[in-house]
Amino acid sequence: MSVHETMIEVAREVTGLAKRDRNEGQRFMFRGIDAVMNAFGPAMRTHGLMALPTVEDITVTEKTSNRGAVMQLVRVKMRLTFVNAEGETDDRTVVWGEAMDSGDKATAKAHSVALRTAYLQAFCLPTDERDPDADSYEISPEQQERDRAEWSARIAAAQSVEDCRKLWAGAQQVGLTAEITARVAELKAGESGD
């Protein structure tokens, strides 16, 4: 049986996962990583399927909330490799997880979000999950200015068009697309000797 056939057998057993946990602070229901593991674990063991997570990228940024609390914002890019009993693999499941915490749990939360998301997406599990855009965090104006200054310095230090390409998403997020576009033009002009 191929790894994809094995995944289909697991999906036939795990057909949905209700929201049973409640976030009292923000008053919404959710499915946590434990619920996902409890749902998939037995079916994966029955059908001889393992999932091996690998963190491919991680960024940690300090943010200040609008109430003045210092928060750690962690983003992880995770690849989930499914392996069946015959040793066949599929490593095409790649997701991002993001979490913010004022204590020491932001990395663990981001990892859990990525892992949970990978399972839910790889198996197309119906969730009725709350739209991620329903939650928002307000960053203080002072923090926004610090972020813009940091990204402006990164753009100015870029040594190649490839460096700028890597900075594009962050520059866009803080509203510096014109600045990075100008830096690309400057670097291209320098390459052509103009």
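Residues numbered from 1 in each chain as written. Predicted model: local features only at pLDDT ≥ 70, side-chain atom pairs only at ≥ 80, totals over all residues. Heavy atoms only, no water.

Draft legend 1. Summary view of helix H5 (residues 161–173). Along its 13 residues, H5 runs 19 Å from first to last C-alpha, staying within 8% of the 18 Å computed at 1.5 Å per residue. The principal kink in H5, of about 50 degrees, is found at leucine 167. For H5, the full list of buried residues reads Cys164, Leu167, Gly170 and Ala171. Taken together, the buried residues of H5 touch helix H4 (141–157) and helix H6 (177–192). The first or second residue beyond H5 is glycine 175, which carries a positive phi of 80 degrees. (Helix = DSSP H or I, 4+ residues; strand = E, 2+ residues; numbered from the N terminus. Expected span 1.5 Å × (residues − 1). Bend = angle between axes of the 7 residues up to and from the residue. Buried < 20%, exposed > 50% of the residue type's maximum accessible area, 1.4 Å probe, protein only. Contact = heavy atoms within 4.5 Å.)

Draft legend 2. The arrangement of the pairing of strand S3 (residues 49–64) in detail. Relative to strand S4 (residues 70–84), S3 runs antiparallel, the two sharing 15 bridges. The residue of S4 that forms the bridge with threonine 64 is valine 70. The hairpin formed by S3 and S4 contains five residues between the paired strands, and glycine 68 there has a positive phi angle of roughly 95 degrees. (Pairing = 2+ DSSP bridges.)

Draft legend 3. Geometry of the pairing of strand S5 (residues 89–101). As paired strands, S4 and S5 are joined by eleven bridges and run antiparallel to one another. Looking at S5, one finds that arginine 75 is bridged to glutamate 98. Hairpin connection between S4 and S5: a loop of four residues separates the two successive antiparallel strands, and glycine 87 in this loop has a positive phi of roughly 85 degrees.

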